[in-house]
Amino acid sequence: MQLYLDIHISTEYLLETSLFFLLFTAGLVLFMVIYLIGFIKRKRTKQHLQSVYSSFLTEIILCDTKEELLDVLEKPWVQSLRKRWFYDEDARKLLIREIVKACKSLAGVASDNILWLYGTLGLQEDSLKRLRSKTWFVKARSIQELAEMRQNDQITKIYRETNSRNPYIRREAQIAVVKMTGIDGLRFLSVLSHPLSQWQQICLLAQLPDYAEIGTDRLEKWMKAPNHSVVEFALRLLVHYQRYDLISSVEAFMEHPNAAVREQAVKTIVALSPDTALSALGARLPTGSVNIKRCYLDMHQSMLSTDTAGLSSLVQDGDEDIRTEAQRLLRRLSPVHMPATEHVKTIPG
Amino acid sequence: MMRILVAEDEPVMLKTIEMRLRKDGHEVIALSNGRDALAALDTESPDLVITDIMMPYSSGLEVVGKVKQGLKKIPVIVLSSMGQENVVLEAFKLGADDFITKPFSPNELSMRVRRFQV
């Protein structure tokens, strides 16, 4: 069987097709050029505005009195900027970004001046508008802005987001409420149904004041929370605020079903009460995890305890590293154990 | 009056420090990255260096290192962010004379600078 390919293409059709593709390509190139020109123009405008804002903010930052601040706002070039802010939302957005960035690096009168400017120009309205946005990153940024600008009267709106389904919004909201209200901001822990990541726990601790009164009942409530990450964070709080009075209740968490909580419980006991830690860890050696055993060996080494019972039980452990470390410590503490441990070398790992 | 080299990548902060120091009567060489600061050390011969730690191209630590390798004893003030204690210690090991943690007040910086005035 033979296949024949009989295609007839008219010159007219060819011309039409070529013309179509030519026009399509020309349109595409034109669109790209227009887009590129617009992009470059926007970039230049942004650079120009950043430079103008930098001068403007510097003048505001260096003012010593309210009169000086008002004088800066009355300057003709600032007046023209204010006119622009009236209709140009992007220019206001950029100003808010620059203000927030500057505020993070400044303290004292300089920081107060920046906050005054944010309030006087009514920029909180822009942040609040973005807080209502459905886009997660717009919302998260607005929360950051409101917290940095200490808009404490908006705390209720931000607090609602501390248990948001979106992890980024949740994260920003939790940090914001703690930044704005300190220890009291942690009340979201009582209702938090989403996990609190390790990094988030560290970020929250960084926002908390070094010295603060935290109610025992609140801590105990969080330690009994159904959310395991809240329990873990509560244990971290015990270390942060040196709550020796609650150390007796921490030991029970070494048997917690969640591994992260168990690990944090060990760290909490080790940090708050090393003496109790050694005996508590020693009691859990027969059934304890590798982490507990390692922690026990580390503690033994740092404290140079003469109690060798726990070490003796570890010289026959299944983990080779633990076995070796236990033997090394025993040799150092009590040379009489040396012959007893010699045979252990032959135990298969 | 001193000739002060300031290296800071944040434009608002750089301008604020520059204006504050000029207000105090100092001559200021303001640079926005570590590479320019390293180059300026060879040509500008400042009496004092104020440098941020985290900067593009070259870090503040490199600036401190280069200043302290020189024959002339130029004091260095390091600007650091919260939580950069280890880096500040590293800067002190390299010979930094003082440090200020962000957030800081420009007035505080002005006071610190005054300590190095002869």
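Note that the structure is predicted; figures quoted are calculated from it, not measured.

Describe the overall build of chain B, naming the residues involved and giving the relevant values.
When its secondary structure is counted, chain B shows 5 helices and 5 strands. Reading chain B from its N terminus to its C terminus gives the helix and strand order β-α-β-α-β-α-β-α-β-α. Computed over C-alpha atoms, the radius of gyration of chain B comes to 13 Å, within 12% of the 13 Å expected from 2.2 N^0.38 for 118 residues, which places it in the range of a compact globule. A burial count over chain B gives 52% of its 118 residues as buried. Contacts in chain B between residues far apart in sequence, at least 24 positions, make up 60% of those at least 6 positions apart. When the accessible area of chain B is evaluated, it comes to approximately 5700 Å², of which 54% is carbon and sulfur surface. Within chain B, the 17 negative side-chain charges are centred at a point lying 5 Å from the centre of the 15 positive side-chain charges.

Describe the pairing of strand β3 (residues 48–52) of chain B, naming the residues involved and giving the relevant values.
Each regular strand displays side chains that alternate between the two surfaces of the sheet. All names here are of chain B. In terms of burial, β3 is largely enclosed, as 5 of its 5 residues are buried. Side-chain alternation along β3 places L48, I50 and D52 on one buried face and V49 and T51 on a second face that is also buried. Relative to β3, strand β1 (residues 3–7) runs parallel, the two sharing 4 bridges. Looking across to β3, one finds that L5 is bridged to V49. As judged from the 4 bridges shared by β3 and strand β4 (residues 76–81), these two strands associate in the parallel manner. In the sheet register, V49 faces β4, and the bridge partner there is V76. A crossover links β3 with its parallel partner β4, the connecting element being helix α3 (residues 60–69), and its sense is right-handed.

Break down the side chain of Q154 of chain A for me, with residues and values.
Along the chain, Q154 of chain A turns up in the loop between α7 (136–148) and α8 (155–159). What Q154 of chain A contacts, discounting residues up to four positions off in sequence, is L128 and L146 of chain A.

Please give an account of the nonpolar core that cites residues and values.
Considering soluble globular proteins, one finds that nonpolar side chains tend to be buried as a cluster. The biggest cluster of nonpolar side chains holds 115 residues, and the ones touching the most others in it are F56, L186, F188 and L237 of chain A together with I50 of chain B. A total of 8 residues in this core trace back to one element, the largest contributor, which is helix α4 (residues 89–105) of chain A. Ignoring any residue separated from it by four or fewer positions in sequence, one finds I50 of chain B in contact with I4, L5, V6, A7, L21, I77, L79, L109 and V113 of chain B. Membership of the second largest hydrophobic core comes to 19 residues, among which are L5, A7, V63 and V64 of chain B.

An account of the interface of chain A and chain B is needed here, citing residue identities and associated values.
The interface is formed by 15 residues belonging to chain A together with 14 residues belonging to chain B. Buried area between chain A and chain B, both sides added, is near 1300 Å², and the carbon and sulfur share of it is 63%. Together, T58, L62 and S105 of chain A form the three largest contributors to the area buried by chain A at its contact with chain B, with a combined 38%. Remark: the boundary between chain A and chain B carries 1 salt bridge. Where K101 of chain A meets E10 of chain B, a salt bridge forms, and the shortest distance between an N and an O atom there is 3.7 Å. Summed over the shared surface of chain A and chain B, the number is 4 residue pairs in polar contact (both at pLDDT 80 or more). For the side of chain A that touches chain B, the secondary-structure elements that each account for two or more residues are α1 (11–61) and α4 of chain A. Looking at the side of chain A that touches chain B residue by residue, the classes come out as 7 nonpolar, 4 polar and 4 charged.

For the environment of L94 of chain A, give the residues involved together with the corresponding values.
Residues and elements named next belong to chain A. Tracing the backbone shows L94 in helix α4. L94 sits 90 residues away from D184 along the chain, and the two C-alpha atoms are 32 Å apart. The contacts of L94, once residues within four sequence positions are left out, are K46, L49, Q50 and Y53.

Let's hear about the packing of aromatic side chains: which residues, and what values?
What the rule picks out here adds up to 9 aromatic pairs over all chains. Residues F31 of chain A and Y35 of chain A carry aromatic rings whose centres are separated by 6.3 Å and whose planes lie at 25° to one another, so their mutual orientation is stacked. Residue F31 of chain A and its partner Y35 of chain A are located together in helix α1, separated by 4 residues, close to a single helical turn. An angle of 50° between the planes, with centres 5.6 Å apart, marks the rings of F56 of chain A and W85 of chain A as tilted. Residue F56 of chain A is found in helix α1, and its partner W85 of chain A is found in helix α3 (residues 76–87); the two are separated by 29 residues along the sequence. On the basis of relative accessibility, which here comes to 0%, the residue F56 of chain A falls in the buried class. Above the plane of the ring of Y159 of chain A lies R187 of chain A, whose end atom (NZ or CZ) is 4.0 Å from the centre. Over the ring of Y57 of chain B we find R35 of chain B; its NZ or CZ atom is 3.8 Å from the centre of that ring.

Can you break down α1 of chain A residue by residue, with the values?
Helix length check: α1 of chain A (51 residues) gives 73 Å between terminal C-alpha atoms against 75 Å at 1.5 Å per residue, within 8%. Of all the residues in α1 of chain A, the buried ones are G38, L49, V52, Y53, S54, F56, L57, T58, I60 and I61 of chain A. On its buried side, α1 of chain A packs onto α2 (66–74), α3, α4 and α5 (108–120) of chain A together with α1 (11–23) and α5 (106–115) of chain B.

Can you explain a positive patch on the surface? Please cite residues and give values.
A contiguous patch of positive charge on the surface is contributed by K46, R97, K104 and R141 of chain A. Relative to the elements of secondary structure, K46 of chain A occurs in helix α1.

Please provide a residue-by-residue account of the confidence of the model for chain A, values included.
Detail in the predicted coordinates should be disregarded across regions flagged by low pLDDT. Confidence along chain A averages 88 in pLDDT terms, with 93% of residues attaining 70 or more. Segment residues 339–349 of chain A: pLDDT under 50, and 17 contacts once partners within four positions in sequence are set aside and those in other chains are kept.

Break down the state of the cysteines for me, citing the residues and quoting the values.
Note on terminology: disulfide describes a covalent bond linking the sulfur atoms of two cysteines. All names here are of chain A. Under the definition given, this model contains 0 disulfides over all chains. C103 carries a free sulfur, and the closest cysteine sulfur to it, the one in C63, is 15 Å from it. We classify C103 as buried; its relative accessible area is 4%.

Rules used throughout
- Residues numbered from 1 in each chain as written.
- Chains lettered and ligands numbered in written order.
- Predicted model: local features only at pLDDT ≥ 70, side-chain atom pairs only at ≥ 80, totals over all residues.
- Heavy atoms only, no water.
- Helix = DSSP H or I, 4+ residues; strand = E, 2+ residues; numbered from the N terminus.
- Rg over C-alpha atoms; globule rule 2.2 N^0.38 Å.
- Buried < 20%, exposed > 50% of the residue type's maximum accessible area, 1.4 Å probe, protein only.
- Contact = heavy atoms within 4.5 Å.
- Areas by Shrake-Rupley, 256 points an atom, 1.4 Å probe, with all protein chains shown as cover.
- Lys, Arg positive; Asp, Glu negative; His and termini not counted.
- Charge placed at Lys NZ, Arg CZ, Asp CG, Glu CD.
- Pairing = 2+ DSSP bridges.
- Right-handed = clockwise from strand over helix to strand, strands pointing away.
- Core = buried A, V, L, I, M, F, W, Y, C linked by side-chain atoms within 4.5 Å.
- Buried area = accessible area lost by both parts, 1.4 Å probe.
- Salt bridge = Lys/Arg side-chain N within 4 Å of Asp/Glu carboxyl O.
- Polar contact = N/O pair within 3.5 Å; in protein donor to acceptor, adjacent residues only side chain to side chain.
- Nonpolar A, V, L, I, M, F, W, Y, C, P; charged D, E, K, R; others polar.
- Phe/Tyr/Trp six-rings, centres within 6.5 Å; stacked < 30°, edge-to-face > 60°.
- Lys NZ or Arg CZ within 6 Å of the ring centre and 35° of its normal.
- Expected span 1.5 Å × (residues − 1).
- Patch = residues over 30% accessible without salt bridge, like charges linked within 9 Å, V, L, I, M, F, W, Y side chains within 5 Å.
- pLDDT = per-residue confidence, 0-100.
- Disulfide = S-S within 2.5 Å.

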